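One letter stands for each residue in the lines below.
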Amino acid sequence: MIINMLLVNSGCSNHIELNKLGIISAIAFDLDESNQWVLTFQIIIPKSTQSKSGGGGSQAPVIVFSSKGKTLLEAIQKSDLETPRQLFFSHTRVIIISQRVAKYGVNQILDAYLRSYESRETTDVLITNGDAKKVLEILTPLENIPGNAISNLISGEGNKQTNLVQSKLINLISTMTNPSASATLPEIKIMGEQEAQTSLEALKETRKSAVLKLDRVGVFKQDKLAGWLSRKESLGIPWITNQLQRTTIVFSCEGESRSEQLSSFLVEKSHAKLKPNISNGNLFMSVEIEAKGNLIETACNLDLKQSKTLRKLEKHIQEQIIIDAENSFQALKKMKTDTLGFGDAFHKSYPQDWKKLSKNWENEFAEIRMDVKVHVTIRRTGMIDDSFSKISGKKE
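As the structure is a computational prediction, the values presented were derived from the model and not from experiment. (Residues numbered from 1 in each chain as written. Predicted model: local features only at pLDDT ≥ 70, side-chain atom pairs only at ≥ 80, totals over all residues. Heavy atoms only, no water.)

What to know about the overall build of the chain
For step 1, the next point in the chain: Scanning the chain from N- to C-terminus turns up 15 helices and 13 strands.
For step 2, the next point in the chain: Residue burial in the chain is summarised as follows: out of 396 residues, 46% are buried.
For step 3, the next point in the chain: When contacts within the chain are restricted to residue pairs at least 6 apart in sequence, those whose partners lie at least 24 apart make up 73%.
For step 4, the next point in the chain: If you sum the accessible surface of the chain, you get close to 21100 Å²; carbon and sulfur atoms cover 50% of it. (Helix = DSSP H or I, 4+ residues; strand = E, 2+ residues; numbered from the N terminus. Buried < 20%, exposed > 50% of the residue type's maximum accessible area, 1.4 Å probe, protein only. Contact = heavy atoms within 4.5 Å. Areas by Shrake-Rupley, 256 points an atom, 1.4 Å probe, with all protein chains shown as cover.)

Dropping the structure here:
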């Protein structure tokens, strides 16, 4: 009996009642003008989230508040002066850092997360051009908890089509500990009237005043932001780094009289292989990409029963993928940032040469020549063989 009592007591000595916890869904990191940390917490209100998605309740699904400190821990401790509940970090879905923080350096944030037993390595990390705390104030009608909505945006939950650069905390830490690699983070921005979308009344409107949108890609050198890639310049990164899941490629039909006649190809499966080569002291990288998917739509007058028609379309898709890959490569060369994993590929293939290359990898990367070869397979063309333009007998 005494042993049983000891076991029971030891198991519950540090327990905390659930109704004493403030469960955090998202955290924002800002720096004020004197470089003090400003931490903003988005805390779930359980009673409000029990109602159906889409809002309409009498209370907002989350509450947002900020605290300030010279260190991250001091800012967290000061939050105790404002919230009656103990902050619980294990369910954090999203971390937002401001551009000012990114330029200052994120080592201190990553250090804190590596030390904390409550951190989750699968948390998404994003960057924003303005104040990070304002992102957490936006209410999202289709998802009760805004932190979950942001996480779903970046993860492509629901089998969405996405060619975004992934941003898990574990990937960020892993890349930043690699001396030759540069990390990337997707940008999240507020589009519209931010103030109007922070009120509960915004959830009762059919048209949102402001939305959260993923846009550019922030590129880091070590732990500091080095620059931005435009959306167009970032499209090739997931292709080369094998991060692509599902995406749509829009391409034009060669020979058509109207240049706006376009088709869409849904990529369902892709794989890239890197083949580094050193010749006479010059570095070359051969990138071989294989993509398979379906033709989803076309405005072109096509006879899809003929194999030569499909081969022609596949060629146009291949050209578009090559353009995306080249755009990303050239943009990264200008920034001298290797986010493509080329350094690791040379290290594995040429371990002896890498001892010298690694000492000046930024400049070596900027001199690499890349050759991209793409093989595309159209597996299906849908329920009709010919395009509707051909079926309807439409003349161009």
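Let's talk about the side chain of Thr83
For step 1, the next point in the chain: By the secondary structure assignment, Thr83 is in the loop between helix 3 (72-79) and strand 4 (86-88).
For step 2, the next point in the chain: A relative accessible area of 12% means that Thr83 is categorised as buried.
For step 3, the next point in the chain: Separated by 3.3 Å, the side chain of Thr83 and the backbone nitrogen of Arg85 make a polar contact. (Polar contact = N/O pair within 3.5 Å; in protein donor to acceptor, adjacent residues only side chain to side chain.)

Looking at the pairing of strand 2 (residues 37-44)
For step 1, the next point in the chain: Within strand 2, seven of the eight residues are buried, which leaves the element mostly enclosed by the surrounding structure.
For step 2, the next point in the chain: Bridge analysis of strand 1 (residues 21-31) against strand 2 gives seven bridges, and the strand direction is antiparallel. Bridge pairing in strand 2 places Ala26 opposite Gln42.
For step 3, the next point in the chain: The hairpin formed by strand 1 and strand 2 contains five residues between the paired strands, and Asn35 there has a positive phi angle of roughly 60°. (Pairing = 2+ DSSP bridges.)

Notes on helix 3
For step 1, the next point in the chain: Taken together, the buried positions of helix 3 are occupied by Leu72, Ala75 and Ser79. Summarising the axial view, the buried residues of helix 3 lie within an arc of 65°, below the 170-degree limit, and thus occupy one face.
For step 2, the next point in the chain: Its buried side turned inward, helix 3 meets strand 1, strand 2, strand 3 (62-69), strand 4 and helix 5 (107-115). (Arc of directions from axis to C-beta.)

Let's talk about the pattern of salt bridges
For step 1, the next point in the chain: Enumeration according to the criterion identifies 15 salt bridges in this entry.
For step 2, the next point in the chain: For the salt bridge of Asp32 with Lys68, the shortest nitrogen-to-oxygen distance reads 3.3 Å. On the criterion of sequence distance, the pair formed by Asp32 in the loop between strand 1 and strand 2 and Lys68 in strand 3 is long-range, its members being 36 residues apart.
For step 3, the next point in the chain: Judged by relative accessible area, which is 15%, Asp32 ranks as buried.
For step 4, the next point in the chain: Overall, the relative accessible area of 38% leaves Lys68 in the partly exposed class.
For step 5, the next point in the chain: Between Glu187 and Arg216 there is a salt bridge, and its shortest N-O distance comes to 3.0 Å. A residue pair is termed long-range when its members are at least 10 positions apart, and Glu187 in strand 7 (residues 184-192) and Arg216 in strand 8 (residues 210-221) qualify at 29 residues.
For step 6, the next point in the chain: Overall, the relative accessible area of 1% leaves Glu187 in the buried class.
For step 7, the next point in the chain: Each of the salt bridges in this network shares a partner with another, and the network as a whole consists of Arg246, Glu268, Arg379 and Arg380. (Salt bridge = Lys/Arg side-chain N within 4 Å of Asp/Glu carboxyl O.)

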